[in-house]
Amino acid sequence: MESLKNFVGGEFIAPVNGNYIDNYEPATGKVYCQIPNSDAADVELAVKAAEQAYPIWSGMSNEERSKILVRLSEGIEARMDEFVKAESRDNGKPLSLAAHVDIPRAVSNFHFFATAIIHFASEAHPMTGVGVNYTLRKPLGIVGCISPWNLPLYLFSWKIAPALAAGNCVIAKPSEVTPYTAFLLGEVARDAGMPAGVLNILHGEGGAAGDAIVKHPKIKAISFTGGTKTGEYIARTAAPMFKKLSLELGGKNPNIIFDDCDFKEMMSTTLRSSFANQGQICLCGSRIFVQKGIYEKFKEEFVRKVDATVVSNPEDPNAKLGAMVSKPHLEKVLSYVELAKEEGGTVLTGGTRVELPAPYDGGYYLRPTVIEGLSFDCRTNQEEIFGPVVTITPFETEEEVLMMANSTQYGLSATIWTSDLQRAHRMAEKIDAGIVWINAWLVRDLRTPFGGVKSSGVGREGGWEALRFFTEPKNVFVKY
Ligand code: NAD
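Everything numeric here is computed off the predicted structure, so don't read it as measured data.

About the thresholds
- Residues numbered from 1 in each chain as written.
- Predicted model: local features only at pLDDT ≥ 70, side-chain atom pairs only at ≥ 80, totals over all residues.
- Heavy atoms only, no water.
- Phe/Tyr/Trp six-rings, centres within 6.5 Å; stacked < 30°, edge-to-face > 60°.
- Helix = DSSP H or I, 4+ residues; strand = E, 2+ residues; numbered from the N terminus.
- Lys NZ or Arg CZ within 6 Å of the ring centre and 35° of its normal.
- Contact = heavy atoms within 4.5 Å.
- Polar contact = N/O pair within 3.5 Å; in protein donor to acceptor, adjacent residues only side chain to side chain.
- Domains from an automatic or database assignment.
- Buried area = accessible area lost by both parts, 1.4 Å probe.

(A) Geometry of the packing of aromatic side chains. This model, assessed by the stated rule, comprises 12 aromatic pairs. Taking the centre distance of 5.4 Å and the plane angle of 70° together, the rings of phenylalanine 12 and phenylalanine 183 count as edge-to-face. Of this pair, phenylalanine 12 sits in strand S3 (residues 11-13) while phenylalanine 183 sits in helix H6 (residues 180-191), and the two are 171 residues apart along the sequence. Against the face of phenylalanine 469 rests lysine 244, its NZ or CZ located 5.3 Å from the ring centre. The side chain of lysine 297 reaches across the aromatic face of phenylalanine 263, ending 4.0 Å from its centre.

This is how it looks when you write it as structure tokens:
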């Protein structure tokens, strides 16, 4: 069985402690490779390699770094098929999703920041008759990037690309649940001519390798995407060390549908925003609020369409949903279906596992699930489930739906469906979210600020926001 290796100092090496953990294929439920169970000793090696590489990398011109990052982007593109298959196998997502979303986006992330850095500039603040202030923006040094399993290479590269473009050396850890494409990325970085030690990729569990990255005194910033509880722990650990922190955390996003929406477009997008990637996208709209005038029509058509949605093995071209990422996660999501019933909800469709024939009979498949009849403030409607489970709730007025939408601890994204322009702007302004889509979902422009409010995170990724995060401003005043 294949054993992955850490990528440290430009080489693929075994973990210092020699320990490995099993990596499961969600489509079959079987172990298919082993990954290093790294710890503080590996982080130490990676920091040493990064320290050596830092003067070289940060001393390069933006143009030189840009060229290497463009080659990295092209290197992923050249191995597209291999990356797509690896992502789908590791995560359980349909091949078509990895081919259309995950891997092309990883290519774009590197290309975007490779080119952004050559346009990046800093400010000057002249004081009439006195002098001028100008701001230098320097890389931070060595930074840590920690990412989750739901969009593995997509989110891993979303952090690494701006960190590298800005001149930092990186110690990165993908989720131990989906390590494979990060492992392949090390090969591509090496082949792209990235100097040894600039990008170091460590595999292993959050509590060991991740924790050691967060605690290492020479790692100056942590860019983290993952669960709110983990983010809270990281903030508590890193804050007293005065590390810069970017935290992209959980969500419980409202999808608000008014009577006057374009029904057809709303319906097809709502099917995606509810269940894409088995509902395991932090931006999925898991709380659907529908205005009373179209509630029954919505419910009938939505449930019929969800019922007809194909759940199949990730290689099946007809699969709209593949496998859930892991057995514990499948069980967690199923436990929320039980909770919803205890809280008085009615399961209109789904809520059960899908049994597929061998070799997929041990896979983690779940029917997309629609629940109604719950109060907006019950646990099912307040806690992040992160699976193919949505609730539908009727409402009458804007005020009522705003109150329900804003009632959770989260504030990542929101979707609003209406053809009333004034209402759309009014709602967008009042809703607690870092990202609002009107008559759309998951349309992304990489220049825009990305992140959440409340327990959904601190800071923003994307565009200049990311380059500013990964640089330290220094003001210089010169007297006239
Ligand atoms: P998670 O918090 O369990 O793990 C995320 C990463 O953190 C993994 O690499 C893990 O190994 C590591 N980690 C765990 N404990 C750690 C510790 N003590 N110290 C350092 N690192 C540690 O999250 P997950 O289950 O992998 O991902 C699902 C969550 O991610 C959901 O809550 C989802 O909403 C969130 N998410 C947020 C966004 C966003 O942009 N806001 C995007 C995708 C996913």
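Right, picking up where we left off after that structure.
(B) Molecular detail of the environment of glutamine 34. In this fold, glutamine 34 is placed in strand S5 (residues 30-36). For glutamine 34, the residues in contact, after removing those within four places along its chain, are Met1, Glu2, Ser3, Leu4, Tyr20, Ile21 and Asp22. Separated by 2.6 Å, the side chains of glutamine 34 and aspartate 22 make a polar contact.

(C) Seen up close, the domain arrangement of the chain. Domain annotation for the chain reports domain 1 (2-249 + 456-479) and domain 2 (254-447). In this structure, domain 1 and domain 2 have C-alpha centres spaced 30 Å apart. When domain 1 packs against domain 2, close to 2300 Å² is buried across both sides, 60% of that on carbon and sulfur atoms. The interface formed by domain 1 and domain 2 holds 10 residue pairs in polar contact (both at pLDDT 80 or more) in total. Residue assignment for the side of domain 1 that touches domain 2 shows that the elements contributing at least two residues are helix H3 (80-91) and helix H4 (95-116). Sort the elements by how many residues they give to the side of domain 1 that touches domain 2 and H4 lands first, with six residues.

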